[in-house]
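# Descriptive analysis of the structure
Residues per chain are reported as follows:
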Amino acid sequence: MNFFRGVIGGQAAGPQPSGAETIQKLCDRVASSTLLEDRRDAVRALKSLSKKYRMEVGTQAMDHLINILQTDRSDSEILGYALDTLYNIICNDEEEEQDENAQKQADDLGALFTDKFIQDPEHVTLLLTLLEEFDFHVRWPGVKLLTALLKNQGVQLQGVILVSPMGVSRLMDLLADSREVIRNDGLLLLQQLTKGNAAIQKIVAFENAFERLLDIITEEGSSDGGIVVEDCLLLLLNLLKNNSSNQNFFKEGSYIQRMKPWFEVGDDNSGWSAQKVTNLHLMLQLVRVMVSPVNSPGATSSCQKSMYQCGLLQQLCTILMATGVPADILTETINTVSEVIRGSQVNQDYFASVNAPSNPPRPAIVVLLMSMVNERQPFVLRCAVLYCFQCFLYKNQKGQGEIVATLLPSTIDANSISAGQLLCGGLFSADSLSNWCAAVALAHALQDNLTQKEQLLRVQLATSLGKPPVSLLQQCTNILSQGSKVQTRVGLLMLLCTWISNCPIAVTHFLHNQENVPFLTAQISENLGEDERLVQGLCALLLGICIYYNDNSLENYTKEKLKQLIEKRIGKENFVEKLGFITKHELYSRAAQKPQPVFPSPEQMLFDHEFTKLVKELEGVITKAVHKSSEEEKKEEEVKKTLEQHDNIVTQYKELIREQDSQIQELKEQVASMTSQNEQKQATITQQLSQIQQHKDQYNILKLKLGKENQSQSNSQGDVSQVNGLQTEELIQLKEEVEELRKQHTLLQTQLDDKDALINTLRSEAAQTAEGSAGGSENTELLKELEALRSQVQSQSTEINQLQTEREELLRRAEAGSSDVVHSSDGSLDTAKMAELESRLAAQMTETERLKEETKSLSGSRADLEQQLASATSTVAILQTEKAKLQTEVQESKKEQDDLLMLLADQDQKIHSLKQKLKDLGETVEDEDDLDAREQTDDDEEEEEEEEDED
């Protein structure tokens, strides 16, 4: 213990050992001491020396310290000392007094010891296990040590933690620690852990990180909170930036709605603290990450919709129009609103309706444009306003029309300032940056909108008193020819290229001014300095657009004449070289990367993102158009005509297919209606069958009663009268049933006549037209109905036969019963009664014979109906066969026509290729027009010779 007093407590007599010797002795004591107290004191002494003798402690004591972490897990104090010592030798503390060389050496030392520590992945796993200890003296230094390791060798350590079981989950538990120091350092640890690793970002997000971080932000006071809020926002940015999975999880979890309270600012916005500005700046960046243009369009659109529905966009617009907001926050808010409305029609319409709190109220767009064309405003603010205007017009033809309409004569209001007036003012002001911004903004009002390009040709400008007004197009070319600053000319050339591209009418208007083409050719042909090369390239692009989109309506400036002019004045190769100056410019690639205009200085503000797309689209086609000869253009026109003819044929077939589809749809509807009718008839038949079954049941009950009365012969006279009464009732019932069958027979006969008339009509229609598709379907339905009628007639005939058989059986039983009664009376009845009984029986027999005759006639009628039904069925089969033949012929003719078209196209292609080969070989090949002319000449000569012979 005297040794430790000498090291820690004070000076001892005699020569003092060096630092390396002391550290060696301490390491030996750590390795060899059996008492925990001795090891603890030695580790504490190493901790005190670790900052001063960082190199020595790291090289000699690291293995012993790691061994302490493995063996002395039960003592939290020695664990804390060991972790603190490791942290001191690994962490690179940036001290202001250190110069750059000393700091670099410290960084190299930290990286060296970090590599040594993570050589064995088990060391990292051991450290993650120690973080589960709740003891403050173990957990806190463990968090700091792991953070330092991640700072020095983040990628390697991320890989180890990723494969460690429950590694990320253990670190996420730090956010739930009630001790703020550990929770806050846990935030710093997770920031380092999630940098640039999408897999860890996803795991952290699905460990409920969003919920915990947003809760901490709310607890700390949102934008008014301290450094902890900043750390939470930085961690959220790490989790969401360039991670579509986490962005979708954030949106689906309704966390966007929880961002709205962050942006609730009061009326008094003076005296914002630096921390609040930082927090709000990060919050705005978080919103922009969710709606960034680099995200997938579907995800961006979904987030934009959510932000509008929850009121977040409205809250941002409130900050935009508020007073006293710091300039950098206002700039970032404008950029955020820009990306929230970009490409979203609903959000763009809302932004167009926002008014500034002025008297009188002005639209927010007008107020922002006033800042853009004001040269006294900060450069970054003007860039943000331009970006906002571009996003407002992106894929927004309605907004483009509203902006252009403010320039038209019929809509100009002299009492108010409009967006169009501000753009024109900026376009022709003395400030070159205002010229460029206004030109680019106006170009975005014309982007991919042919209607507005034509409408803008109507705009007339009054240049000075006493002079006639000139068109906006002419005024732009006038300023261009006056030789203003490069930035101004670049902006005007980009505007003109966007304006006349894909708009032949605008090209004609531009070429109508006799001075424009000579000016462009002169600019391109000159050998100017490095700064003027970009202007030359844009002039070449503008002239190339005049060639490519020329409709040859001006005789002096047709495509061919313009190409001849280029060849004589400039040279084709020189023209293409000058055109290539645009894409070779160093600022072109920077502008092509992202839509937001971000420039380090106003002088470098030359290219617009959308214009770079236009250049990429047109450079190749303009080069081809310049090199093409007139013959090639004629061939292209012929090819276009041929393609148009083919398109017309395809269109005709499409129309035919649509008509057939409509016919098929109509037939399907007819089938559905007939199916419903058939179902109704089936229901009627089922109801009739149930009624017949009821009648059968009643008849069986009567038969049972009659059998019982015949068996009881106690009162023969009463029995005879009862039998006769029952027979009379049954005969009446039979009469009713026969009458009902007669009515049904008449109804069936009427329906059959109707069907015969319909079949005759179908026959005549099938003879007149070859299609017959609708008739075929109706014949099919008729066949089904006739089959149903046939089955109905057969069932009713069967019932009639059954009723006839049962009636004969009743008569037989009645005669037998009457004879029994006569024999059993033994002469007790007198002659009058017997005569009366015989007369009644005779009347019943007569009625029975009449019913038999009616039944026979019904059977004959049924046979006739069956014969007619068979003939109708055969007629339907014949019609179906004819229809199938016609359809087959139509399909074969269509197929033959398609094959002929394909053969003709292939033959034309082969002939064309063979002619081209012959031409390439130097042979003279005559086209079809030349052959026709020669044949006509030969015929005329033969006719003249014949006339001379006759003379």
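Note that the structure is a prediction, hence the values are computed from the model and not measured. (Residues numbered from 1 in each chain as written. Predicted model: local features only at pLDDT ≥ 70, side-chain atom pairs only at ≥ 80, totals over all residues. Heavy atoms only, no water.)

## Some remarks on the overall build of the protein chain
Counting its regular elements, the protein chain contains 41 helices and 4 strands. Buried positions account for 43% of the 951 residues belonging to the protein chain. At a minimum sequence separation of 6, the contacts of the protein chain that also span at least 24 residues come to 72%. Surface exposure of the protein chain reaches about 50,300 Å², of which carbon and sulfur atoms provide 50%. (Helix = DSSP H or I, 4+ residues; strand = E, 2+ residues; numbered from the N terminus. Buried < 20%, exposed > 50% of the residue type's maximum accessible area, 1.4 Å probe, protein only. Contact = heavy atoms within 4.5 Å. Areas by Shrake-Rupley, 256 points an atom, 1.4 Å probe, with all protein chains shown as cover.)

## Side note on the pattern of salt bridges
For side chains of opposite charge, pairing can occur when their charged atoms come near one another. Under the criterion given, the structure shown has 20 salt bridges. With a closest N to O distance of 3.0 Å, Glu339 and Arg288 form a salt bridge. Linking Glu339 in helix H19 (residues 327-341) with Arg288 in helix H16 (residues 274-290), this pair joins segments that are 51 residues apart in sequence. Here the two residues Glu339 and Arg288 agree in accessibility, since each one is buried. For the salt bridge of Lys613 with Glu610, the shortest nitrogen-to-oxygen distance reads 3.6 Å. Of the two residues, Lys613 and Glu610 both sit in helix H36 (residues 609-627), 3 residues apart, roughly one turn of that helix. If you follow the salt bridges from partner to partner, you end up with Arg40, Asp75 and Glu77 in one network. (Salt bridge = Lys/Arg side-chain N within 4 Å of Asp/Glu carboxyl O.)

## Concerning the nonpolar core
One recurring pattern in soluble globular proteins: nonpolar side chains tend to sit buried together. Residues Leu146, Ile161, Leu171, Phe263, Phe351, Trp499 and Leu541 are the most contacted members of the largest nonpolar core, which totals 208 residues. Here this core gets 12 residues from one element, more than from any other, and that element is helix H22 (residues 379-393). Residues in contact with Leu146, not counting those within four places in the same chain, are Leu127, Leu128, Leu131, Leu157, Ile161, Leu171 and Leu189. (Core = buried A, V, L, I, M, F, W, Y, C linked by side-chain atoms within 4.5 Å.)

## Things to note about the environment of Ile566
Within the secondary structure layout, Ile566 lies in helix H32 (residues 559-569). Taking the C-alpha atoms as reference points, Ile566 and Ser525, 41 residues apart in sequence, are found 9.3 Å from one another.

## Concerning unusual backbone geometry
For Asn208, which is not a glycine, the phi torsion comes out positive at approximately 70°. Tracing the backbone through its elements, the reader meets Asn208 in the loop between helix H12 (198-206) and helix H13 (209-219). Residue Asn208 is classed as partly exposed on the basis of its relative accessible area of 38%. One non-glycine residue with positive phi stands out, namely Asp448, at about 55°.

## Remarks on the environment of Arg362
Along the chain, Arg362 falls in strand E2 (residues 362-363). Put simply, Arg362 and Ile417 are 55 residues apart on the chain and 8.7 Å apart in space, counted from C-alpha to C-alpha. With near-sequence residues (within four places) excluded, Arg362 lies in contact with Val354, Asn355, Ala356, Val367, Met370 and Ile417.

## Regarding the packing of helix H14 (residues 227-240) against H16
Close contact between H14 and H16 brings their axes to 10 Å; oriented N to C, the two are set at 15°. Taken together, the axes of H14 and H16 lie roughly parallel to each other. Judged by the sense of rotation from one axis to the other, the crossing of H14 with H16 is left-handed. Contacts between H14 and H16 involve Ile227, Val229, Glu230, Leu233, Leu234, Leu236, Leu237 and Leu240 on the former and, on the latter, Gln275, Thr278, Asn279, Leu282, Met283, Gln285, Leu286, Val289 and Met290. For the contact of H14 with H16, the class distribution of residues is 12 nonpolar, 4 polar and 1 charged. (Axes fitted to C-alpha atoms, helices over the stretch in contact; angles between N-to-C directions. Parallel < 35°, antiparallel > 145°, perpendicular 65-115°, else oblique. Left-handed = near helix turned anticlockwise from the far one by under 90°. Nonpolar A, V, L, I, M, F, W, Y, C, P; charged D, E, K, R; others polar.)

## Quick notes on the side chain of Thr488
Mapping Thr488 onto the fold places it in helix H28 (residues 486-500). A distance of 3.0 Å separates polar atoms of two side chains, one belonging to Thr488 and the other to Asn435. Non-local contacts of Thr488, meaning those with residues more than four positions away in its chain, are made with Ser432 and Asn435. (Polar contact = N/O pair within 3.5 Å; in protein donor to acceptor, adjacent residues only side chain to side chain.)

## Description of the packing of helix H4 (residues 54-71) against helix H7 (residues 121-130)
A pair of packed helices is captured by two measures, namely the crossing angle of their axes and the spacing between those axes. Packing of H4 against H7 brings their axes to within 11 Å, and their N-to-C directions diverge by 50°. With respect to H7, the axis of H4 lies oblique. Considering only the axes of H4 and H7, their crossing is left-handed. Of the residues in H7, those in contact with Ile66, Leu69 and Gln70 of H4 are His123, Leu126 and Leu130.

## What about a negative patch on the surface?
A cluster of acidic side chains, namely Glu889, Glu892, Glu896, Asp898 and Asp899, defines a negative patch on the protein surface. One can find Asp899 in helix H40 (residues 831-920). (Patch = residues over 30% accessible without salt bridge, like charges linked within 9 Å, V, L, I, M, F, W, Y side chains within 5 Å. Lys, Arg positive; Asp, Glu negative; His and termini not counted. Charge placed at Lys NZ, Arg CZ, Asp CG, Glu CD.)

## Things to note about the packing of aromatic side chains
The description of two aromatic rings rests on the distance between their centres and on the angle between their planes. Taken as a whole and judged by the stated rule, the model has 12 aromatic pairs. If you follow Lys276 out to its NZ or CZ, it ends over the ring of Trp272, 4.5 Å from the centre. (Phe/Tyr/Trp six-rings, centres within 6.5 Å; stacked < 30°, edge-to-face > 60°. Lys NZ or Arg CZ within 6 Å of the ring centre and 35° of its normal.)

## So, the side chain of Ser434
Within the secondary structure layout, Ser434 lies in helix H25 (residues 432-446). For Ser434, a relative accessible area of 1% gives the class buried. Once residues within four sequence positions are removed from consideration, Ser434 is found in contact with Met372, Val373, Arg382, Gly426 and Ser429.

## What about helix H23 (residues 397-405)?
Looking at H23, one finds that the buried residues are Gly399, Gln400, Gly401, Ile403 and Val404. Summarising the contacts, the buried residues of H23 are in contact with H22, helix H24 (419-427), H25 and helix H26 (450-456).

## Remarks on H13
If you check which residues of H13 are buried, you get Ala209, Phe210, Leu213, Leu214, Ile216 and Ile217. Considered in projection along H13, the buried side chains sweep an arc of 155° and stay on one side of the axis. Opposite its buried face, H13 presents the exposed residues Thr218 and Glu219, each directed more than 90 degrees away. At its buried positions, H13 is contacted by helix H10 (167-172), helix H11 (180-193), H12, H14, helix H15 (244-252) and H16. (Arc of directions from axis to C-beta.)

## With respect to the confidence of the model for the protein chain
When the pLDDT values of the protein chain are averaged, the result is 82; 77% of them are 70 or greater. Within the model, pLDDT remains below 50 along residues 716-726, and this stretch shows 20 contacts once partners closer than five positions in the same chain are excluded. Counting contacts from residues 817-830, a segment whose pLDDT is below 50, to residues more than four positions away or on other chains yields 8 contacts. (pLDDT = per-residue confidence, 0-100.)

## Some thoughts on the environment of Asp551
By secondary structure assignment, the location of Asp551 is in the loop between helix H31 (533-548) and H32. Along the primary structure Asp551 and Ile505 are separated by 46 residues, whereas in three dimensions their C-alpha atoms are 8.4 Å apart. Leave out the neighbours within four places in its chain, and Asp551 touches Pro504 and Thr508.

## Brief notes about a nonpolar patch on the surface
Together, Leu162, Val163 and Ile203 make up a nonpolar patch on the protein surface, roughly 250 Å² of accessible area in all. Inspection of the secondary structure assignment puts Val163 in helix H9 (residues 154-163). Given a relative accessible area of 69%, Val163 falls into the exposed group.

## Some details on the state of the cysteines
Under the definition given, this model contains 0 disulfides. Counting only cysteine sulfurs, Cys497 is the nearest neighbor of Cys546, a cysteine outside any disulfide, at a range of 8.4 Å. Taking relative accessible area as the criterion, Cys546 reaches 0% and is therefore assigned buried. (Disulfide = S-S within 2.5 Å.)

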